[in-house]
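# Structure assessment
Here is how the chains run, residue by residue.
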Amino acid sequence: MGISIKSDADIAVMRQAGRVVATVLDMLKLQVKPGMKTKELDSIAAKEVVRLGATPSFKGYRGYPANICASVNDEIVHGIPGDRVLKEGDIISLDFGAIFDGFQGDAAITVGVGKITPEARKLIETTDGALRAGIAAVRHGVRLGDIASAIQEYAESRGYSVVREYTGHGIGREMHEEPLVPNFGEPGRGPILQKGMTIAIEPMVNVGDWRTKVGANRWTVSTIDGSLSAHFEHTIAVTNGAAEVLTAL
Ligand code: MF3
Ligand code: CO
């Protein structure tokens, strides 16, 4: 198979898919409040994505039972929305993917529920910063290790750890395409990025240990030590200049 290179026409469609994902996440972010159940966020996403003319991509993927992933506090990724009630001070990662005209968009944000601690705020800002540092390193001709190390350096130099057991990924007609896009690594290593590649970069950053565990539902990934974790993701296109973020409004 190898890494697929998208035409300008493909990327134009991916821009539309990305816009749907960004619109849904923006709406979810405004709805997050103490006292609500995470499954209410799932319903909002399910309704909104259809209204925007797209199809949710997570539901049914390897048997995943919901439209979004909602990962709270020490949950890193793949939290299944349900009856859990959000409370003031929680942080929640909202991950959403959609298919528009045959192409995928995938993105995630982490937001606070009501007033959160300065520690939680700093974790969220650092993880967002790590994603931005990764995106800023994307250029035609650089290697994936250059992106990975930029993300790792950004987070670790601020005292955090980056999750190693889950990675970003190529994306296109499939949600997960080659290559894997790790959040740790060495500059100068790995595949060379070329114009027309589309990848999802998604740092997962922990306050404590980088190691993870999977919950009894076989999906939800949490920090091994119970420390807080945050997650941000964008789908981007490699161009001759700066990366184009496809999942931005
Ligand atoms: N955005 C995630 C990823 O990049 C979530 C997909 S897992 C699913 O892999 F099962 F929920 F679809
Ligand atoms: Co992803």
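Here's a quick rundown of the structure. Everything quoted here is computed from the prediction, not taken from an experiment.

## Considering the overall build of the protein chain
- The helix and strand inventory of the protein chain stands at 4 helices and 15 strands.
- For the protein chain, whose C-alpha radius of gyration is 17 Å, the value lies close to the compact-globule estimate of 18 Å for 249 residues.
- Taken across its 249 residues, the protein chain has 51% of its residues classed as buried.
- The long-range share in the protein chain, meaning contacts at least 24 apart out of those at least 6 apart in sequence, stands at 70%.
- Summed over all atoms, the accessible surface of the protein chain reaches about 10700 Å², with 52% contributed by carbon and sulfur.
- Positive and negative charge centroids in the protein chain, built from 27 and 30 side chains respectively, lie 2 Å apart.

## A short note on the coordination of the cobalt ion (ligand 2)
- Protein coordination at the cobalt ion (ligand 2): the donors are D106 (OD), H169 (NE2), E202 (OE) and E233 (OE), at 2.0 to 2.3 Å from the metal.
- Taken in sequence order, the residues that donate to the cobalt ion (ligand 2) follow the motif D-x62-H-x32-E-x30-E. Placement of the pair is H169 in strand β7 (residues 168–170) and E233 in the loop between β13 (229–231) and β14 (234–237), with a sequence separation of 64 residues. As far as the burial class goes, H169 and E233 line up, both buried.

## Here's the deal with the nonpolar core
- Counting residues in hydrophobic clusters, the biggest one holds 61 residues, and the most contacted among them are L41, I92, L94, F96, L193 and I201.
- Looking at which element gives the most residues to this core, the answer is helix α1 (residues 8–31), with 9 residues.
- Excluding residues within four positions of it along the chain, L94 makes contact with L25, L28, K29, V32, L41, I68, C69, A107, A108, I109 and V111.

## Structural notes on the site of ligand 1
- For ligand 1, the set of nearby residues contains 13 residues, the closest of which are D95, D106, H169, H176 and E202.
- Here an oxygen atom of ligand 1 sits 2.6 Å away from a polar atom, N or O, in the side chain of H176.
- One of the side-chain N or O atoms of E233 is found 3.3 Å from a nitrogen atom in ligand 1.
- For ligand 1, the protein covers 95% of the area, taking 330 Å² as the surface of the free molecule.
- Taking a 2 Å distance to the grid points as the criterion, the majority of the atoms of ligand 1 fall inside the largest pocket.
- Among the residues forming the shell around ligand 1, the class breakdown is 6 nonpolar, 3 polar and 4 charged.

## A look at the sheet that holds strand β11 (residues 212–214)
- Taken in spatial order, the 3 strands line up as β3-β12-β11 in an open sheet, and their pairing is antiparallel. Only two strands of the sheet have a single neighbouring strand rather than two, namely β3 (75–77) and β11. Each strand of the sheet is rotated relative to its neighbour by a mean of 40 degrees, with strand direction disregarded.
- Bridging between β3 and strand β12 (residues 221–223) involves 2 bridges; their strand directions are antiparallel. Bridged to V77 within β12 is V221.

Calculation rules
- Here the residue numbering is sequential within each chain, running from 1 through the sequence in written order.
- Key to labels: chains lettered from A, ligands numbered from 1, both in the order written.
- Selection of residues for local features in this predicted model requires a pLDDT of at least 70, selection of side-chain atom pairs for listing and counting requires 80 or more, and totals for whole chains, interfaces and linings are taken over all residues.
- With hydrogens and water excluded, all non-hydrogen atoms of the structure serve as input to the side-chain values.
- Think of it this way: any DSSP run of H or I at least four residues long counts as a helix, any run of E at least two long counts as a strand, and we number them from the N terminus.
- Our radius of gyration is a C-alpha quantity, and the globule rule it is checked against amounts to 2.2 Å times the number of residues to the power 0.38.
- Think of it in three bands: residues with accessible area under 20% of the maximum for their type are buried, residues over 50% are exposed, and the middle band is partly exposed, with areas taken using a 1.4 Å probe on protein chains only.
- The contact rule is simple, with two residues in contact once any of their heavy atoms fall within 4.5 Å.
- Under the convention used here, a 1.4 Å probe and the Shrake-Rupley method define accessible areas, while residue burial counts only the protein chains that appear.
- Positive charges are assigned to Lys and Arg, negative charges to Asp and Glu, while His and the chain termini are left out of the count.
- Lys charges are placed at NZ, Arg charges at CZ, Asp charges at CG and Glu charges at CD.
- Atoms are scored as donors when they are N, O or S and lie within 2.8 Å of the metal, with 3.2 Å used for Na, K and Ca; no water is included, so coordination may look incomplete.
- As used in this record, nonpolar core signifies buried Ala, Val, Leu, Ile, Met, Phe, Trp, Tyr and Cys residues forming a set joined through side-chain atoms within 4.5 Å.
- Only a single heavy atom is needed: when it lies within 4 Å of a molecule or strand, its residue is near that molecule or strand.
- Any pair of N or O atoms that falls within 3.5 Å is considered a polar contact. Within protein, one atom must be able to donate a hydrogen and the other to accept it, and sequence-neighbouring residues count only if both atoms are side-chain atoms.
- Points on a 1 Å grid, built from protein atoms alone, make a cavity when a 1.4 Å probe fits but cannot get out and make a pocket when they are open with protein on both sides within 12 Å along at least 5 of 7 lines; residues with an atom within 4 Å of a point are the lining residues.
- A molecule is said to be in a cavity or pocket once over half of its atoms fall within 2 Å of that pocket's grid points.
- Basically, the charged four are Asp, Glu, Lys and Arg, the nonpolar ten are Ala, Val, Leu, Ile, Met, Phe, Trp, Tyr, Cys and Pro, and anything else, Gly included, counts as polar.
- A pair of strands is considered paired only if DSSP assigns at least 2 bridges between the two.
- To get an axis, fit a line to the C-alpha atoms, keeping to the stretch in contact for a helix; angles then go from 0 to 180 degrees between the N-to-C directions.

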